[in-house]
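Notes for the structure review
The lines below spell out each chain.
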Amino acid sequence: MAEIILNVDVRDGVGTGGARAARRAGMVPGVLYGGDKAPVAISVNERDFRKSLYTGKLLGHLVTLKYGDETQPVIARDVQFDPVSDRPLHFDLMRVDATQTIKIEVPVHFINQDQCEAFRQGGSLEIVRHSVEVKVRADHIPEDLIVDLAGHKLGDTIRWTDLKGTGDVEPTITDRDFVIASIKTSSAAISAAADEAHDAEVAADVEATEQGAADEAEAAEDTAEG
């Protein structure tokens, strides 16, 4: 089952007043919805909620909701934070069956940047999608989808089929092999390449001029000897 267990209480008060009362009591208010049941106003101890949240395995993952002796699998769909204190203010949980196929956003992570020659050549990574919506069984949601940048070159386009960790998931976009990111040549790299080409051209001109002068001197010397 899930690694995280949320012990919840059912809130009597709903709306803004009920949520404020829950926060004053050291709780984080939330709503449980989904399935064939009506939404239920709930709350979780804020300290316990923070611990679960900061594992990185709460939001968008299958967790176990516990109320008294009852348990059920849920997905944490959303958490709202105070913009100043970053304190969690509200959360949404969705009822699911562990084997149910759901749609969910999974983050994309990029690895092995230090093994990508393109970046040493002045390239830059242009990310088109930081996450991808996929269809997946609730108990098979991956932590992330991986882009291995090792071996990629300047100008490469990274698409869905280049991702790793997609064995249990299916993208909701099915009509094309959509773009995740690309490796662009930066303006600095273009400028450096132009400078390099210019320097090479100047060096070639100097060499040609020097060779021409040497040839002329040699011809003049032959004429004088003759």
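Everything in this summary refers to the structure shown in the same document. All of these numbers come straight from a predicted model, not from anything done at the bench. (Residues numbered from 1 in each chain as written. Predicted model: local features only at pLDDT ≥ 70, side-chain atom pairs only at ≥ 80, totals over all residues. Heavy atoms only, no water.)

1. Details of unusual backbone geometry
The condition is simple: Strands are runs of DSSP state E lasting at least 2 residues, helices are runs of H or I lasting at least 4, and numbering of each runs from the N terminus.
We note that D86 has phi near 65°; this positive angle belongs to a residue other than glycine. You can see D86 is positioned in the loop between strand 5 (70–81) and strand 6 (88–95). Residue N112 is not a glycine yet carries a positive backbone phi of 60°. Looking at the secondary structure, you find N112 in the loop between strand 7 (101–111) and helix 3 (117–120).

2. Quick look at the environment of R95
Where we set the bar: For this analysis, residues touch if any pair of their heavy atoms sits within 4.5 Å. Polar contacts, as used here, are pairs of N or O atoms within 3.5 Å; protein pairs need one atom able to donate a hydrogen and one able to accept it. Residues neighboring in sequence count only if both atoms are side-chain atoms.
Tracing the backbone through its elements, the reader meets R95 in strand 6. Residues R95 and K37, spaced 58 residues apart in sequence, show a C-alpha to C-alpha distance of 9.0 Å. Each residue touching R95, except ones within four places of it in the same chain, is listed here: L32, Y33, G34, G35, K37, A38, V40, Q72, P73, V74 and Q100. Within the structure, the side chain of R95 is placed 3.4 Å from the backbone oxygen of K37, a separation counted as a polar contact.

3. Thoughts on the sheet that holds strand 2 (residues 27–33)
Definition in use: The criterion for strand pairing is that DSSP finds at least two bridges linking the strands in question. Angular values range over 0 to 180 degrees, each being the angle between N-to-C directions of two axes fitted as lines to C-alpha atoms, with helices fitted over their stretch in contact.
Ordered in space as 1-3-2-6-5-4, the six strands form a closed barrel in which the pairing is mixed. The sheet shows a mean angle of 45° between the axes of neighbouring strands, taken without regard to direction. Contacting strand 2 and strand 6, helix 1 (residues 15–24) crosses the sheet at an angle of about 135° to strand 2. Relative to strand 3 (residues 40–45), helix 2 (residues 46–53) is tilted by about 85°, and along the sheet it contacts strand 1 (5–10), strand 2, strand 3, strand 5 and strand 6.

4. Section: helix 2
This is how it is decided: We call a residue buried when its accessible area falls under 20% of the maximum for its residue type, exposed when it is over 50%, and partly exposed in between, using a 1.4 Å probe and counting protein chains only. To obtain the arc, one takes the directions from the helix axis to the C-beta atoms.
Those residues of helix 2 lying buried are E46, F49, S52 and L53. Projected down its long axis, helix 2 carries its buried residues within an arc of 125°, all on one side. In helix 2, those exposed residues whose orientation departs by more than 90 degrees from the buried face are R47 and K51. Where helix 2 is buried, its residues touch strand 1, strand 2, strand 3, strand 5 and strand 6. The backbone nitrogen of R47 lies 3.0 Å from a side-chain oxygen of the residue at the head of helix 2, namely N45.

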